[in-house]
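Summary of structural features
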Amino acid sequence: MDYFDKEYCLEVWGDMACFTRPELKVERVSYDVITPSAARAIFDAIFWKPAIRWQVNKIEVLSPIKWTSIRRNEVGAVGTLQKEQIFIEDVRQQRNALLLKDVHYRLYATMVYIPPKARKSENRTGGPDENPGKYQAMFERRASKGQCFNQPYLGTREFSASFKLIMNDAEKVVTPINEDRDLGIMLYDMDFSNPNDIQAMFYRAYMKKGEIIVPPLDSEEVLR
């Protein structure tokens, strides 16, 4: 059976965002624009099933890149099964963060259908009426109504994102910024194929007239 993978466009905006650079551990410093992994997470927040995955294809930057800095309290510990209680006053840390403000993007991603035989062993069966069109209709219905499984966010959970499904070119009333920029090596996504050895993936990002082309997952441009 031939499967038809469909591309969708979301317009996303928010007051503040932080797409943290992993090489800067102590103080949080954001990338200049949203990363493919953060864009993929927004689509996942609206609709995700074991039978699909989201492939981000393009990012359009609609607002000028602006910065702000804040100081905030963070907890310098992680809860575990052995240590369920954390006393915040004992592990409180004040850190500076360099954030983006007034962000506005258009995100393009393809819903890639995963046939039952290509899925993890616990999800190989699928239903008798399963097909890509079923999942496409579910996403379109949810996104058009503003529904989501969890609130989409812009890098970190305290910076929530608003979104709108764009179905045709007439709805693209805002044009990308007229700016070219070499964004350097940027986080692409995390490779969870081996749960015991989760790896970060990177790529060299370029913005041309406000548009960033994201390479496919199996591209040689993706650095592992």
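Our subject is the structure listed above.
The following refers to the structure shown. None of these values were measured; they are calculated from a predicted model. (Residues numbered from 1 in each chain as written. Predicted model: local features only at pLDDT ≥ 70, side-chain atom pairs only at ≥ 80, totals over all residues. Heavy atoms only, no water.)

What about the environment of Tyr8?
Relative to the helices and strands, Tyr8 is located in strand β1 (residues 6-17). Of the residues examined, Tyr8 reaches a relative accessible area of 3% and is grouped as buried. As a C-alpha pair, Tyr8 and Asn168 span 160 residues in sequence and 9.9 Å in three-dimensional space. Once residues lying within four places of it in the same chain are set aside, the contact partners of Tyr8 are Phe43, Trp54, Leu107, Tyr108, Ala109, Met111, Gln136, Phe139, Glu140 and Leu165. In this structure the side chain of Tyr8 is engaged in a polar contact, spanning 3.5 Å, whose partner is the backbone oxygen of Gln136. (Helix = DSSP H or I, 4+ residues; strand = E, 2+ residues; numbered from the N terminus. Buried < 20%, exposed > 50% of the residue type's maximum accessible area, 1.4 Å probe, protein only. Contact = heavy atoms within 4.5 Å. Polar contact = N/O pair within 3.5 Å; in protein donor to acceptor, adjacent residues only side chain to side chain.)

Focus: the layout of surface pockets
Considering only enclosed or pocket space, the largest pocket measures out at about 870 Å³ in volume. Lining the largest pocket are 26 residues, with Trp48, Arg53, Ile114, Phe192 and Leu217 sitting closest to its centre. Where the lining of the largest pocket is concerned, the elements lending two or more residues are α1 (36-46), β3 (52-61) and β9 (181-191). Top contributing element to the lining of the largest pocket by residue count: β3, with 5 residues. The residue inventory of the lining of the largest pocket, partitioned by class, reads 14 nonpolar, 3 polar and 9 charged. Lining the second largest pocket we find 20 residues, and of these Phe19, Thr20, Arg28, Gly155 and Leu187 sit closest to its centre. Looking at the lining of the second largest pocket, the elements with two or more residues in it are α1 and β9. Of the residues forming the lining of the second largest pocket, the biggest block, 4 residues, is contributed by α1. Here the lining of the second largest pocket is built from residues that sort into 10 nonpolar, 5 polar and 5 charged. (1 Å grid on protein atoms, 1.4 Å probe; cavity = no way out; pocket = protein on both sides within 12 Å on 5 of 7 lines; lining within 4 Å. Points joined across faces, edges and corners; volume = space filled by probe spheres on them. Nonpolar A, V, L, I, M, F, W, Y, C, P; charged D, E, K, R; others polar.)

A closer look at the side chain of Asp32
Checked against the element boundaries, Asp32 lands in the loop between β2 (28-29) and α1. For Asp32, a relative accessible area of 16% corresponds to the buried category. Once residues within four sequence positions are removed from consideration, Asp32 is found in contact with Arg21, Ile65, Trp67, Leu100, Tyr105, Arg181 and Leu183.

Comments concerning the pattern of salt bridges
Under the defined criterion, the tally for this structure stands at 15 salt bridges. Taking the shortest distance from any N to any O, the salt bridge between Lys6 and Glu140 comes out at 2.8 Å. Taken together, the residues span a long stretch of sequence, with Lys6 in strand β1 and Glu140 in helix α3 (residues 132-144) at a distance of 134 residues. Residue Lys6 is classed as partly exposed on the basis of its relative accessible area, which comes to 27%. Of the charged contacts in the structure, one is a salt bridge between Lys58 and Glu60, with a shortest N-O distance of 3.7 Å. Each of the two residues, Lys58 as well as Glu60, counts as buried. By sharing partners, the salt bridges in this structure join Glu11, Lys58, Glu60, Arg106 and Glu211 into a single network. (Salt bridge = Lys/Arg side-chain N within 4 Å of Asp/Glu carboxyl O.)

Focus: α1
Counted residue by residue, α1 has 9 buried out of 11 residues, so it is predominantly covered. If you check which residues of α1 are buried, you get Pro36, Ser37, Ala38, Ala39, Ile42, Phe43, Asp44, Ala45 and Ile46.

Section: the state of the cysteines
Overall, the coordinates contain 0 disulfides when judged by the stated rule. Counting only cysteine sulfurs, Cys9 is the nearest neighbor of Cys148, a cysteine outside any disulfide, at a range of 17 Å. Here Cys148 falls in the partly exposed class, since its relative accessible area comes to 24%. (Disulfide = S-S within 2.5 Å.)

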